[in-house]
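Here are the chains, one letter per residue:
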2 protein chains.
Amino acid sequence: MPVTTANLETNRSEFKQYLKKMKSYEEAVGLIYWDMRTGAPKKGIAQRSEVVGELSGELFKMSVSERMGSFLDYFTDPQIDSQLDATERKIVSECKKEYDRSKKIPPEKYQEYVVLTSQSESAWEDAKHNADFASFQPYLEKIVAMNLEFIDLWGYEGHKYNTLLDMYEPGMTVEKLDQVFGALREKAVPLLAAIEASSHKPDTSLLKQQFDIAKQKKFSLYILEQMGYDFEAGRLDETVHPFATGLNPGDVRITTRYLPDDVNSALFGTIHEGGHALYEQNISADLIGTPLCTGTSMGIHESQSRFWENMIGRSRPFWSRYFGDLQRNYPGQFDGATVEQFYRATNEVKPSLIRIEADELTYNLHIMVRYEIEKALFSGAVKVADLPEVWNEKYKEYLGVTPSHNGEGVLQDVHWSGGAFGYFPSYALGNMYAAQFMRTIKRELGDFDGLVAAGNLIPIKNWLADKIYRYGKLLTPSEIVTQVTGEELNPDYLMAYLTDKYADIYKL
Amino acid sequence: MPVTTANLETNRSEFKQYLKKMKSYEEAVGLIYWDMRTGAPKKGIAQRSEVVGELSGELFKMSVSERMGSFLDYFTDPQIDSQLDATERKIVSECKKEYDRSKKIPPEKYQEYVVLTSQSESAWEDAKHNADFASFQPYLEKIVAMNLEFIDLWGYEGHKYNTLLDMYEPGMTVEKLDQVFGALREKAVPLLAAIEASSHKPDTSLLKQQFDIAKQKKFSLYILEQMGYDFEAGRLDETVHPFATGLNPGDVRITTRYLPDDVNSALFGTIHEGGHALYEQNISADLIGTPLCTGTSMGIHESQSRFWENMIGRSRPFWSRYFGDLQRNYPGQFDGATVEQFYRATNEVKPSLIRIEADELTYNLHIMVRYEIEKALFSGAVKVADLPEVWNEKYKEYLGVTPSHNGEGVLQDVHWSGGAFGYFPSYALGNMYAAQFMRTIKRELGDFDGLVAAGNLIPIKNWLADKIYRYGKLLTPSEIVTQVTGEELNPDYLMAYLTDKYADIYKL
């Protein structure tokens, strides 16, 4: 179509319709995945996968279609671009980014990669189960090799790994991560050593009881409601691997898993997913039906789950308010225990082998191990074949522990089997962003601890919604952080927070 | 494409892919509807409706596309047709039937009708609530008028209403229905009179208690399992208006509604939907992904829900086996009651105003009222404006009762507001088919009552699966009935069954 302003309104409206259609397909696929993971009958799964294949295939086609190409040509023309508002311009640039990425991969290569990662995920499951790295190695080698090919096709600046990082955290680079992780590590390692040397260890015995599942569920729902999670725009279900999914801002679902012998697992898991959900529930209605109607990055998303889980949920003010409710929820089970005992038990620091079981401090070290390894894989400094050895060395170095087999070592996470390199740093970035946001909230909301201690969490949710959630993907992670906190990502806030917290608990 | 046999294999495979894609869209929409009706958060519904609109629109486009047209031209060419097997030929004729129907309506007419029925459904809700027929009348007039236009476009043989009947019960006509309903009515009306005159009325007081919802659910699940409902290919959820939905044969979901003061509502509702579900779960795997992978008609489908609900579930042998379980399920609530008392209470016949609350006998009379009215509307013998009066006259005539207002009279059912004329007869046809099938089962399986009394329901399910379910839509209703029972639909079996049953209960 010729570039004239005469048909700007028509093109605007057609592009909007086109994007709405894409979002509709995405939403349908999202619902199918939610259903698959919360109780879809197993005999229907094979056929349901065909449905997912059809709809995802259509969605991919729309994202790289000639029609999309001509929309992008039209809207990126300087004459037209100058007439767009900020939201429209961001929508165009998001679509263009995805279009360019996808177009640079030959379709047969992409197809090969889809098949490879799908086979690889099931190979990984078996390998993990049998602690047998050798059976997984050829898949991982091929996945790394294909990612290197893709990076060459996509292009890169500086480190090749930057191109992968950018997929999950737009604008993030090895240079920045080296700096922030370096700073983090410098303080985290001695802090961990001091904690381990402390003789004031928390007594965790009061957590080691049996807890009725129905009561756990009731308490999880209660805390979600306290957080301001909107049950008319979401629901809580059970699953094996908990997740939150934002189908649209009016339908953001959380899942959790109840362990009969662990009162904290489902509770903190629910708060964590609840944090993700608050983000998605509070995206501005203007962005519905556009590609901006989602969190801006994995790191910012994770900052919200961790902010609610850790900075609020594992804080002393929180338990000063809610421990009484917890006691009443489990009659007789916490009789005679104090808030302080529960708070300390809930914040035990202990280097361990498994990332997903790690405390707030050591979690970051688990991530750094993965980051170092991914960086080395994509610079060529480390080969896939060497991963088990490198993994174990790094765990010894960072955490002082050694896996007894690869199942609890290099094979523990699903990410690499699906080709998700560049994803892990988001988790630690989330912790850093969260601490940085908290510093600002404390400044702007005044008595933050007092609000939490009073169970007055809604002003906190509203502040986050106003400063972060409502923008969806309209702002980049870096724009969000600087706009909210007045500076770029700064790892010092996380270390200051952790140092204060544990100095107090472990009397350092 | 030129009609040659050289590319038959290619065309076969492309057509199969095309149909699979259509089925995938249908399955996605089916899942979204299930979700909307079982707990989707209400604030997400508006956006979810957009998703349904996109996917349904795509599905409709595929069903009338040029591509579909050229597939149909190709496969209906005698030279190609002769090389198709029976299943393929049936698939082609099903697609052609839908294609021709849709193509004959100008798209703007169709769009107008979609908007009209959607507005009309919400107008009906208000009208029913306010018992205000006048506010609904203009919608209904327009819907009838447009259906008459459509009938002219589609064409008809004999009565115009035949074209509508054929949509739900392929091959059904006014001529046949007049005959079977006439025969039914001839015996049903005097039977009802005899029952009303009987002094041996069941005592229903034992049903008038409070029943714990969790226990009701447990018993519903137990009975479903006894019926051979496959829980790995389905699940039971709660909803306001119960339904069964076959997403694919490996995922056939049932919903029910538990009333605290009614032990029978959820139980028989579950058995009813369970009957529909057994049909869909047992369709042959060969038909998955084709338009034949569903029940052959509403009437045959309803025959299965009613067979399980009434012929098995409301039978004396069934309760001789399961009443003990029911007593144990509700400790203390049926102490001292006998199987016979429960059986009689469960089979009370009572003319009433509301179809969905009707017993096995009067249900058919409710349907005949609607059938007479629909027939008269489409012959022009009755005007929409006269419906309340006609309705009340017919209820007096057939059932001896008169609504106190239109909300419990002519406005009680949703069907007409959505334009579903021709649907109601399916319910009574289902009762007739069910009785006719039972006659054959009794002959072929030997001691049918003995199997039921022993709780040995699986051979019955297997027989139905083998004779009916596995064919899906491969055979027409008439082919199914004649193949299974050796004769065309015959209303005498239903009347013989009802006469025997109630003569015994009411000692006629």
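A short tour of the structure in this document, coming up. Note that this is a predicted model, so its numbers are computed, not measured.

1. Quick word on the overall build of chain A
Inference 1: Assigned secondary structure in chain A consists of 21 helices and three strands.
Inference 2: The C-alpha radius of gyration computed for chain A amounts to 23 Å, which stays within 12% of the reference 23 Å derived for 508 residues, consistent with globular compactness.
Inference 3: Projected onto its principal axes, the C-alpha positions of chain A cover 75 × 50 × 50 Å.
Inference 4: Within chain A, the proportion of its 508 residues that are buried is 56%.
Inference 5: Long-range contacts, defined as pairs at least 24 residues apart, comprise 73% of the intrachain contacts of chain A with a sequence gap of at least 6.
Inference 6: Of the accessible surface of chain A, which amounts to about 20,500 Å², a share of 51% is contributed by carbon and sulfur atoms.
Inference 7: If the 55 positive side-chain charges of chain A are averaged to one point and the 73 negative ones to another, these points end up 2 Å apart.

2. Topic: the relation of the copies chain B and chain A
Inference 1: If you rotate chain B by 180 degrees and push it 0.0 Å along the axis, it lands on chain A with an RMSD of 0.0 Å. Interpreted geometrically, this transformation is the action of a two-fold axis. Within chain B, alanine 28 of chain B has its C-alpha nearest the rotation axis, a separation of 3.4 Å.

3. Considerations on the pairing of strand E3 (residues 251-256) of chain A
All names here are of chain A.
Inference 1: Counting buried positions along E3 yields six of six residues, so the element is predominantly enclosed.
Inference 2: Alternating residues of E3 divide into Asp251, Arg253 and Thr255 and Val252, Ile254 and Thr256, and every residue in both groups is buried.
Inference 3: Summarising the sheet, strand E2 (residues 244-248) and E3 pair through four bridges and their orientation is antiparallel. If you follow glycine 246 over to E3, its bridge partner there is valine 252.
Inference 4: Hairpin connection from E2 to E3: two residues lie between these consecutive antiparallel strands.

4. Describing the packing of aromatic side chains
Residue and element names in this part refer to chain A.
Inference 1: Applying the stated criterion across every chain, the model contains 77 aromatic pairs over all chains.
Inference 2: Relative to phenylalanine 71, the ring of phenylalanine 15 has its centre 4.9 Å away and its plane inclined at 45 degrees; by these criteria the two rings are tilted. With phenylalanine 15 in helix H1 (residues 8-38) and phenylalanine 71 in helix H3 (residues 66-76), the pair connects residues that are 56 residues apart, well separated along the chain.
Inference 3: A relative accessible area of 0% means that phenylalanine 71 is categorised as buried.
Inference 4: Ring centres of tyrosine 113 and phenylalanine 150 lie 5.1 Å apart, and the angle between their planes is 70 degrees; this geometry places the pair in the edge-to-face category. One end of the pair, tyrosine 113, is in helix H6 (residues 107-130); the other, phenylalanine 150, is in helix H7 (residues 133-154), and 37 residues separate them in sequence.
Inference 5: By relative accessible area, tyrosine 113 is classed as buried at 12%.

5. Section: the side chain of asparagine 406 of chain A
Inference 1: Topologically, asparagine 406 of chain A is positioned in the loop between helix H16 (387-399) and helix H17 (425-445).
Inference 2: Each residue touching asparagine 406 of chain A, except ones within four places of it in the same chain, is listed here: Ala131, Phe133, Pro388, Leu411 and Gln412 of chain A.

6. As for the sheet that holds E3 of chain A
Residues and elements named next belong to chain A.
Inference 1: Here we have three strands laid out as an open sheet, ordered E1-E3-E2, and mixed in their pairing. The sheet is open, and its two edges are formed by strand E1 (236-238) and E2, each paired on a single side. Strand-to-strand twist in this sheet, taken as the mean axis angle between neighbours without regard to direction, amounts to 25 degrees.
Inference 2: Sitting on the sheet, H1 touches E1, E2 and E3, and the angle it makes with E2 is about 145 degrees.
Inference 3: Against the sheet, helix H11 (residues 263-281) makes contact with E1, E2 and E3, and its axis sits at roughly 165 degrees relative to E3, the strand it touches most.

7. Quick notes on the interface of chain B and chain A
The figure often quoted for interface size is the accessible area lost as the parts come together.
Inference 1: Contact residues are listed per partner, giving 36 residues for chain B and 36 residues for chain A.
Inference 2: Between chain B and chain A lies a buried interface of about 3,200 Å² when both sides are counted; carbon and sulfur atoms form 50% of it.
Inference 3: Residue arginine 48 of chain B pairs with aspartate 251 of chain A through a salt bridge whose shortest N-O separation is 2.9 Å.
Inference 4: Taken together, the links from chain B to chain A amount to 25 residue pairs in polar contact (both at pLDDT 80 or more).

8. A few points about the pattern of salt bridges
Oppositely charged side chains are able to pair whenever their charged atoms sit close together.
Inference 1: The tally for this structure, following the rule as stated, stands at 78 salt bridges over all chains.
Inference 2: A salt bridge links arginine 306 of chain A to glutamate 302 of chain A, with the shortest nitrogen-to-oxygen separation between them at 3.2 Å. Note that arginine 306 of chain A and glutamate 302 of chain A are positioned in helix H12 (residues 298-312) at a spacing of four residues, about one turn of the helix.
Inference 3: Among the residues examined, glutamate 302 of chain A registers a relative accessible area of 5% and is labelled buried.
Inference 4: The shortest N-O distance in the salt bridge between glutamate 112 of chain B and lysine 109 of chain B comes to 3.7 Å. In this pair, glutamate 112 of chain B and lysine 109 of chain B both sit in helix H6 (residues 107-130), three residues apart, roughly one turn of the helix.
Inference 5: A residue is classified by how much of its surface remains accessible, and glutamate 112 of chain B, at 33% relative accessible area, is partly exposed.
Inference 6: Residues joined by salt bridges that share partners form a network here, namely Glu27, Asp251 and Arg253 of chain A together with Asp35 and Arg48 of chain B.

9. Considerations on the side chain of glutamate 169 of chain A
Inference 1: Residue position: glutamate 169 of chain A is located in the loop between helix H8 (161-168) and helix H9 (174-197).
Inference 2: In this view, glutamate 169 of chain A contacts Ser297, Met298, Gly299, Ile300, Leu429, Tyr433 and Pro477 of chain A; residues no more than four positions away in its chain are not counted.

10. Focus: the sheet that holds strand E2 (residues 244-248) of chain B
Residues and elements named next belong to chain B.
Inference 1: Within the open sheet, the three strands sit side by side as E1-E3-E2. Their pairing is mixed. Each edge of the sheet is formed by a strand with only one pairing partner; in this case those strands are strand E1 (236-238) and E2. With strand direction ignored, the average angle separating the axes of adjacent strands in the sheet is 25 degrees.

11. Details of the state of the cysteines
Inference 1: Under the defined criterion, the tally for this structure stands at zero disulfides over all chains.
Inference 2: We note that cysteine 293 of chain A lacks a disulfide partner, and the nearest cysteine sulfur, in cysteine 95 of chain A, lies 14 Å from it.

12. Notes on unusual backbone geometry
Inference 1: Of note in the backbone geometry, alanine 131 of chain A takes a positive phi value of approximately 50 degrees without being a glycine.
Inference 2: Among the secondary structure elements, alanine 131 of chain A is positioned in the loop between H6 and H7.

13. Some thoughts on empty space enclosed by the protein
All names here are of chain B.
Inference 1: Counted according to the given criterion, the structure contains five cavities of 30 Å³ or more.
Inference 2: If you go around the largest cavity, the residues you meet are Trp124, Phe136, Arg370, Trp391, Val410, Leu411, Gln412, Asp413, Trp416, Ser417 and Phe424.
Inference 3: Grouping the constituent residues of the lining of the largest cavity by class yields seven nonpolar, two polar and two charged.
Inference 4: Approximately 50 Å³ is the volume attributed to the second largest cavity.
Inference 5: Across the lining of the second largest cavity, the residue classes break down as six nonpolar, two polar and no charged.

14. What to know about the environment of leucine 72 of chain B
All names here are of chain B.
Inference 1: By the secondary structure assignment, leucine 72 is in helix H3 (residues 66-76).
Inference 2: Linking leucine 72 and serine 320, residues 248 residues apart in sequence, is a C-alpha distance of 54 Å.
Inference 3: Once you skip the residues sitting within four places of it in the chain, leucine 72 turns out to touch Val92, Cys95, Lys96 and Tyr99.

15. As for H12 of chain A
All names here are of chain A.
Inference 1: Here H12 contains 15 residues, and its C-alpha end-to-end distance of 20 Å stays within 8% of the 21 Å for a straight helix at 1.5 Å per residue.
Inference 2: Along H12, the helix axis deviates most sharply at arginine 306, where the bend reaches about 35 degrees.
Inference 3: With 14 of its 15 residues buried, H12 lies for the most part within the structure.

16. So, the packing of H1 of chain A against helix H1 (residues 8-38) of chain B
Inference 1: For the pair H1 of chain A and H1 of chain B, the least separation of the axes is 10 Å and the interaxial angle reads 65 degrees. Between H1 of chain A and H1 of chain B, the angle falls in the class roughly perpendicular. You can see that H1 of chain A and H1 of chain B cross each other, and the crossing is left-handed. Seen from H1 of chain A, the contacting residues are Tyr25, Ala28, Leu31, Ile32, Trp34 and Asp35 of chain A; seen from H1 of chain B, they are Tyr25, Ala28, Leu31, Ile32, Trp34 and Asp35 of chain B.
Inference 2: Residue composition of the contact of H1 of chain A with H1 of chain B, grouped by class: ten nonpolar, no polar and two charged.

17. A closer look at the environment of isoleucine 151 of chain B
All names here are of chain B.
Inference 1: Within the secondary structure, isoleucine 151 is located in helix H7 (residues 133-154).
Inference 2: The exposure class assigned to isoleucine 151 is buried, which follows from its relative accessible area of 0%.
Inference 3: Along the primary structure isoleucine 151 and lysine 104 are separated by 47 residues, whereas in three dimensions their C-alpha atoms are 10.0 Å apart.

18. A short note on the environment of asparagine 11 of chain B
Inference 1: Within the fold, asparagine 11 of chain B resides in helix H1.
Inference 2: Within the local environment of asparagine 11 of chain B, its side chain forms a polar contact with the side chain of tyrosine 74 of chain B, the two groups lying 3.3 Å apart.

19. Brief notes about helix H8 (residues 161-168) of chain B
Residue and element names in this part refer to chain B.
Inference 1: In terms of burial, H8 is largely enclosed, as six of its eight residues are buried.
Inference 2: Listed as buried for H8 are Tyr161, Asn162, Thr163, Leu164, Leu165 and Tyr168.
Inference 3: Contacts from the buried residues of H8 go to helix H5 (86-104), H7, helix H9 (174-197), helix H12 (298-312), helix H15 (362-379) and helix H17 (425-445).

Calculation criteria
- Residues numbered from 1 in each chain as written.
- Chains lettered and ligands numbered in written order.
- Predicted model: local features only at pLDDT ≥ 70, side-chain atom pairs only at ≥ 80, totals over all residues.
- Heavy atoms only, no water.
- Helix = DSSP H or I, 4+ residues; strand = E, 2+ residues; numbered from the N terminus.
- Rg over C-alpha atoms; globule rule 2.2 N^0.38 Å.
- Buried < 20%, exposed > 50% of the residue type's maximum accessible area, 1.4 Å probe, protein only.
- Contact = heavy atoms within 4.5 Å.
- Areas by Shrake-Rupley, 256 points an atom, 1.4 Å probe, with all protein chains shown as cover.
- Lys, Arg positive; Asp, Glu negative; His and termini not counted.
- Charge placed at Lys NZ, Arg CZ, Asp CG, Glu CD.
- Least-squares fit on C-alpha atoms with pLDDT ≥ 70 in both.
- Pairing = 2+ DSSP bridges.
- Phe/Tyr/Trp six-rings, centres within 6.5 Å; stacked < 30°, edge-to-face > 60°.
- Axes fitted to C-alpha atoms, helices over the stretch in contact; angles between N-to-C directions.
- Buried area = accessible area lost by both parts, 1.4 Å probe.
- Salt bridge = Lys/Arg side-chain N within 4 Å of Asp/Glu carboxyl O.
- Polar contact = N/O pair within 3.5 Å; in protein donor to acceptor, adjacent residues only side chain to side chain.
- Disulfide = S-S within 2.5 Å.
- 1 Å grid on protein atoms, 1.4 Å probe; cavity = no way out; pocket = protein on both sides within 12 Å on 5 of 7 lines; lining within 4 Å.
- Points joined across faces, edges and corners; volume = space filled by probe spheres on them.
- Nonpolar A, V, L, I, M, F, W, Y, C, P; charged D, E, K, R; others polar.
- Expected span 1.5 Å × (residues − 1).
- Bend = angle between axes of the 7 residues up to and from the residue.
- Parallel < 35°, antiparallel > 145°, perpendicular 65-115°, else oblique.
- Left-handed = near helix turned anticlockwise from the far one by under 90°.

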